[in-house]
Amino acid sequence: MTSGTPRETAVDTEAVARAIATEHGLTLHGPAGEGVDFVVCRVGHPALGEAVLRIPRHRVYLSPYGNVDSADLVRQEHEIAAHLGPLGLPVATPLRRIEQPDGLVVSLAAHVEHDDVPLDGRDVGRFLAALHGATPPSVRLAYQAPGDFATFFIQRLSDRHANLLLKAPALPPLPARHRIEAALEAVRAPHRLLHLDVRRQNLLGRQGRLAAVVDWSNALIGPPLMELARVAEYALLPDNGIDAEAVLAGYAESLPTPDLDSSAALLYRLDTAVMLALVFHSVAPDAERAHVLTSRAEHLLARLHAAVRPADTAGSSHEQGEQR
């Protein structure tokens, strides 16, 4: 998996859609959406009704922010939706996982009627509160390493920071590891399922109300603060269509809202900014956005260093050694 490139693993999504339609008696109704990782086609079936095929763009995703097999993302989407649907949370009902003769796995899920009326952000906040109030599923998550969450998160952030440093050599260093650990430890909360890609494209609404949340590819099981910190960062990009204040207001109807300026929140916000900068540097190249997000990461790093370092010292010899 580590020897190829995303280009070498590319999938002819139109050919796959035609082949699956022929084999499974589906009628193709045309495109229903697309993202960096998947293309979505609307289809019809005499017994299943209106549905959507979610076809991976690549068999394996190799990127500077993580490598994963697309089959794991399809499995993960189905298992999460199957867990949340019976709890009353709005998801697209999973129907089938279709494996092609060459091993490619495609998702078939029920179509969710939706429109372009802007969503009430409070509805999104209520959904997140319900999600964070529910017992998380026993699902193997594609992007989450087993074991302690803090250890996993620090390693992931360090790896992503190192990759961004290759694109932006002037990027400040991360705080010393023991400072990061202390900041995360200071905010304790039960770990819950996190969507971690809450934006307009993944929120299907009908007449301004939330009808379904789709695309669980980025999901982790971790502290809810991470979700809300990511929402706050996503809201800074207008095309994400997120009103962070409204989301937090809806969330507060059921659960207390955390301090999004705490050191732990700044770490989770930094994780988001670094990830987005890497996306726009490589996976979805956009020089202007890459610059904006890299600058945002620099700003968050400056805030983070000020927050985690005692005011009366320039850093212990232990910390200086770690940074070197």
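These numbers were taken from a predicted model, which means no experiment stands behind them. (Residues numbered from 1 in each chain as written. Predicted model: local features only at pLDDT ≥ 70, side-chain atom pairs only at ≥ 80, totals over all residues. Heavy atoms only, no water.)

**Q** Describe the nonpolar core, naming the residues involved and giving the relevant values.
**A** It is characteristic of soluble globular proteins that their nonpolar side chains tend to be buried jointly. By size, the foremost hydrophobic cluster in this structure holds 74 residues, and its most contacted members are Leu128, Phe153, Trp216, Tyr268 and Leu270. Element by element, the count of residues in this core is highest for helix H8 (residues 263-283), at 14 residues. If sequence neighbours within four positions are ignored, leucine 270 has contacts with Leu157, Leu174, Ala297, Leu300, Leu301 and Leu304. Grouped together as the second largest cluster of nonpolar side chains are 16 residues, Val11, Val16, Val39 and Cys41 included. (Core = buried A, V, L, I, M, F, W, Y, C linked by side-chain atoms within 4.5 Å. Buried < 20%, exposed > 50% of the residue type's maximum accessible area, 1.4 Å probe, protein only. Helix = DSSP H or I, 4+ residues; strand = E, 2+ residues; numbered from the N terminus. Contact = heavy atoms within 4.5 Å.)

**Q** Break down helix H1 (residues 13-24) for me, citing the residues and quoting the values.
**A** End to end, H1 covers 16 Å across 12 residues, agreeing with the expected 16 Å (1.5 Å per residue, within 8%). Packing partners of the buried residues in H1 comprise strand E1 (27-34), strand E2 (38-45), strand E3 (49-56), strand E6 (94-99) and strand E7 (105-110). Just downstream of H1 lies glycine 25, where phi reads positive at about 65°. (Expected span 1.5 Å × (residues − 1).)

**Q** Before we move on, could you go through unusual backbone geometry and cite the residues and values that matter?
**A** Unusually for a residue other than glycine, leucine 196 sits at a positive phi of about 65°. For aspartate 215, which is not glycine, the phi torsion reads 60° and is therefore positive.

**Q** Provide a residue-level description of the packing of aromatic side chains, including the pertinent values.
**A** All told, the structure shown has five aromatic pairs when counted by the stated rule. Seen in terms of ring centroids, phenylalanine 38 and tyrosine 61 are 6.4 Å apart; in terms of plane orientation they differ by 50°. Their pairing is tilted. Of this pair, phenylalanine 38 sits in strand E2 while tyrosine 61 sits in strand E4 (residues 60-63), and the two are 23 residues apart along the sequence. Accessibility classification places phenylalanine 38 together with tyrosine 61 in one group, the buried group. What links up through ring pairs into an aromatic cluster is the set Phe149, Phe152, Phe153 and Tyr268. Taking NZ or CZ as reference, arginine 54 lies 3.8 Å from the ring centre of phenylalanine 38, over its face. (Phe/Tyr/Trp six-rings, centres within 6.5 Å; stacked < 30°, edge-to-face > 60°. Lys NZ or Arg CZ within 6 Å of the ring centre and 35° of its normal.)

**Q** Please provide a residue-by-residue account of the environment of proline 31, values included.
**A** As for its position among the elements, proline 31 is in strand E1. Measuring from C-alpha to C-alpha, the distance between proline 31 and leucine 236 comes to 28 Å, with 205 residues separating the pair along the chain. Look past the residues within four positions of proline 31 in its chain and what remains in contact with it is Val40 and Cys41.

**Q** Please provide a residue-by-residue account of the pattern of salt bridges, values included.
**A** A side chain of one charge can pair with a side chain of the opposite charge when the charged atoms of the two come close. Counted by the stated rule, this structure contains 22 salt bridges. Across the salt bridge formed by arginine 188 and glutamate 185, the nearest N and O atoms sit 2.1 Å from each other. The exposure class assigned to arginine 188 is exposed, which follows from its relative accessible area of 69%. Judged by relative accessible area, glutamate 185 falls into the partly exposed class, the value being 43%. If you follow the salt bridges from partner to partner, you end up with Asp123, Arg126, Arg209 and Glu253 in one network. (Salt bridge = Lys/Arg side-chain N within 4 Å of Asp/Glu carboxyl O.)

**Q** I'd like a description of helix H2 (residues 70-84), backed by residues and values.
**A** Spanning 15 residues, H2 covers 21 Å between terminal C-alpha atoms, matching the ideal 21 Å at 1.5 Å per step. Every buried residue of H2 is listed here: Ser70, Leu73, Val74, Arg75, Gln76, Glu77, His78, Ile80, Ala81 and Leu84.

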